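# Structure at a glance
Each chain, written out:
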Amino acid sequence: MTSHASAHIDDAVGHTEMSHAVRRRQLMAASIGNVMEYYDFVVYAYLATTIAAKFFPNENAVVGLLASFAAFGVGFLARPIGGAIIGRIGDTKGRKIALMITIFGMALGTVGIGLLPTFETIGILAPVLLVVMRLVQGLAAGGEWGGATAFIIESAPTGRRGLFGSIGQASIAASSLLGSVVVAIVASLFTGDQMASWAWRIPFLLGGLLLPIGVYMRRNIEETPAFTAAQKAPARAEHDLGQPLALMGKAFGFTIIWTVSYYVMLNYLPTFLVKHAGLTQSQALWGNSAALIILVLTTPLFGMLSDRVGRKPLLLACCAAFVILPYPLFTVILSGAPLVTIVAIMILFNLFIAAFSGAGPAALSELFPTHSRTTLMSIGYSLSVAIFGGFAPFIATWLIKVTDSPISPTYYLIAGGIVSGAVIWTFRETAHEDLR
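This report concerns the structure included in the present document. (Residues numbered from 1 in each chain as written. Predicted model: local features only at pLDDT ≥ 70, side-chain atom pairs only at ≥ 80, totals over all residues. Heavy atoms only, no water.)

## Regarding the pattern of salt bridges
Summed over all chains, the structure comprises six salt bridges. The residue Arg311 makes a salt bridge to Glu366 at a minimum N-O spacing of 2.7 Å. Taken together, the positions of Arg311 in the loop between helix 15 (281-309) and helix 16 (312-324) and Glu366 in the loop between helix 18 (339-365) and helix 19 (373-389) put the pair 55 residues apart, joining distant regions of the chain. Here Arg311 falls in the buried class, since its relative accessible area comes to 2%. By relative accessible area, Glu366 is classed as buried at 5%. Glu433 is the salt-bridge partner of Arg428, the closest N and O atoms lying 3.0 Å from each other. Linked through salt bridges whose partners overlap, the residues forming this network are Arg161, Asp307, Arg311 and Glu366. (Salt bridge = Lys/Arg side-chain N within 4 Å of Asp/Glu carboxyl O. Helix = DSSP H or I, 4+ residues; strand = E, 2+ residues; numbered from the N terminus. Buried < 20%, exposed > 50% of the residue type's maximum accessible area, 1.4 Å probe, protein only.)

## Quick notes on empty space enclosed by the protein
Applying the stated rule across the entire model yields three cavities of 30 Å³ or more. Roughly 100 Å³ of volume is contained in the largest cavity. If you trace the largest cavity, you find it lined by Tyr38, Arg79, Trp145, Gln169, Ile172, Trp258, Thr259, Tyr262, Tyr263 and Tyr381. When residues of the lining of the largest cavity are traced back to their parent elements, those giving at least two are helix 9 (161-189) and helix 14 (244-276). Top element by residues in the lining of the largest cavity is helix 14. It accounts for four residues. Class assignment for the residues of the lining of the largest cavity results in seven nonpolar, two polar and one charged. Asn34, Trp145, Thr149, Ile152, Ile153, Gly165, Gly168, Gln169, Ile172 and Pro361 are the residues that line the second largest cavity. If you list the elements that add at least two residues to the lining of the second largest cavity, you get helix 8 (125-155) and helix 9. Classifying every residue of the lining of the second largest cavity gives five nonpolar, five polar and no charged. (1 Å grid on protein atoms, 1.4 Å probe; cavity = no way out; pocket = protein on both sides within 12 Å on 5 of 7 lines; lining within 4 Å. Points joined across faces, edges and corners; volume = space filled by probe spheres on them. Nonpolar A, V, L, I, M, F, W, Y, C, P; charged D, E, K, R; others polar.)

## Focus: unusual backbone geometry
Backbone phi values are negative for most residues with the exception of glycine, while trans is the configuration of most peptide bonds. Even without glycine at this site, Asp404 takes up a positive phi of about 55°. With respect to the helices and strands, the residue Asp404 is situated in the loop between helix 20 (392-403) and helix 21 (409-425).

## Some thoughts on the nonpolar core
Leu130, Phe254, Met265, Leu273, Phe356 and Leu364 are the most contacted members of the largest nonpolar core, which totals 100 residues. At 17 residues, helix 14 tops the list of elements feeding residues into this core. Among all residues touching Leu273, those that are not within four sequence positions of it are Gly278, Leu279, Ala284, Ile333, Ile342 and Met346. (Core = buried A, V, L, I, M, F, W, Y, C linked by side-chain atoms within 4.5 Å. Contact = heavy atoms within 4.5 Å.)

## Section: a nonpolar patch on the surface
Judged by side-chain polarity, Phe119, Ile124, Leu125, Val128 and Val132 come together as a nonpolar surface patch covering roughly 430 Å² of accessible area. If you tally residues by element for the nonpolar patch, the top one is helix 8, at three residues. Along the chain, the position of Val132 falls in helix 8. (Patch = residues over 30% accessible without salt bridge, like charges linked within 9 Å, V, L, I, M, F, W, Y side chains within 5 Å. Areas by Shrake-Rupley, 256 points an atom, 1.4 Å probe, with all protein chains shown as cover.)

## Description of the packing of helix 8 against helix 18
Relative orientation of the contacting elements helix 8 and helix 18 amounts to 90°, with a least axis distance of 10 Å. The orientation of helix 8 relative to helix 18 falls into the category roughly perpendicular. Across from Trp145, Thr149 and Ile153 in helix 8, the residues of helix 18 making contact are Pro361, Ala362, Leu364 and Ser365. (Axes fitted to C-alpha atoms, helices over the stretch in contact; angles between N-to-C directions. Parallel < 35°, antiparallel > 145°, perpendicular 65-115°, else oblique.)

## Digging into the packing of aromatic side chains
For the structure on display, the rule yields 17 aromatic pairs. Each ring, one from Tyr327 and one from Tyr411, has its centre 6.4 Å from the other, and the planes form 15°; the classification is stacked. With a gap of 84 residues between them, Tyr327 in helix 17 (residues 326-334) and Tyr411 in helix 21 connect regions that are remote in the sequence. Judged by its relative accessible area of 43%, Tyr411 is partly exposed. Connected via pairs of aromatic rings, a cluster forms that spans Trp145, Phe254, Trp258, Phe356, Tyr381 and Phe427. The ring of Tyr44 carries the charged tip of Arg134 above its face, separated from the ring centre by 4.7 Å. In this structure, Lys312 is placed above the aromatic ring of Trp425, and the distance from its NZ or CZ to the ring centre is 5.8 Å. (Phe/Tyr/Trp six-rings, centres within 6.5 Å; stacked < 30°, edge-to-face > 60°. Lys NZ or Arg CZ within 6 Å of the ring centre and 35° of its normal.)

## Remarks on the environment of Leu376
Within the secondary structure, Leu376 is located in helix 19. Taking the relative accessible area as the measure of exposure, Leu376 reaches 8% and is therefore buried. Taking the C-alpha atoms as reference points, Leu376 and Ala84, 292 residues apart in sequence, are found 7.7 Å from one another.

## So, the packing of helix 16 against helix 18
The N-to-C vectors of helix 16 and helix 18 enclose an angle of 145°; their axes lie 8 Å apart at closest approach. As helix 16 runs across helix 18, the sense of the crossing is left-handed. On helix 18, the residues touching Leu314, Leu315, Ala317, Cys318, Cys319, Ala321 and Phe322 of helix 16 are Phe349, Phe352, Ile353, Ala355, Phe356, Ala359, Gly360 and Ala363. Partitioned by chemical class, the residues of the contact of helix 16 with helix 18 number 14 nonpolar, one polar and no charged. (Left-handed = near helix turned anticlockwise from the far one by under 90°.)

Right, dumping it as structure tokens:
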């Protein structure tokens, strides 16, 4: 962006009056959408074993589970496409329009899965329709994170982008907590036969209740000062895009450990604990819920800390933790550790995820110029999530199968920490700079 245009945006943003009430409404509108958008992904992962039996019946349970996780991953393949399309809408037509599109798309997919007939009823058409619903969800989610994060960061007051971004990220963790609690309650209230027969649908159908709340809140939000100022800025030359491929590449590498740790530790781990650590489904889900509470509560604290000490120290600490800790701590889990020890380990991992989630949204948003932030950030982030996050449960299950060792998912976490750490090391500190 030219220096004149950049100064124009900084001046406009700096002098735009936004009351505390407006900022609060902006933040809540984006956050409630995040809860709605990601709730289904969490519920699907927690019910993967049941979904495998209903939609991918196979004499070999591992093969059926792999098929279920593959369908889970397919939804993520649509994310980069959704990020490009909806992100472009957000950068040209406005953040508000993009956020309305995403919330309707995810609601359609969530409720749709809850209403689908199973393989026993309509045969091969059942898994086909399941994949279609996953694709709809993936398209919506591809535009959601980048749009909501850009919206939140651009609405944040000076010096508090880390805090605001972390609250938005905490809302995603809250959706994981909500999904975990809902499935845990349903699993506790109904017998195994009832869960297998029809009760598995309840968490998906309950997700639809969030739609009217999210639509109401997002319909009444205002565009961000940064976006409004960027729209008024002088025309940009082509080079003002700031080498988009390089920026998307940085976002891609940045996101690897974030998405791998999130989807392995929060989505796959309950299934892992049931199959390899001897926990019941209810124990695994309630333990996961306890760890998620810590994640939700501490993410904003780390966001505030990143506004003071910078983004990089927290991000690099998380990368180092996932290089050093997974192998020894998973060894403890597999050694027959008691439930309290396993939950303590889950909480520790969630604290490091909270550190990354506190600093991450602001750090990634600050990498991009305002006029292309939603598009470029959505594509880079969604592509990394599609490859390394969406298929994380599948890859973890596959690693255990081919190595015949339940410790093997730790290699995936370690590799992610190394790669993202190397990428983040090259970043400059942006916590105390103005948005471009």
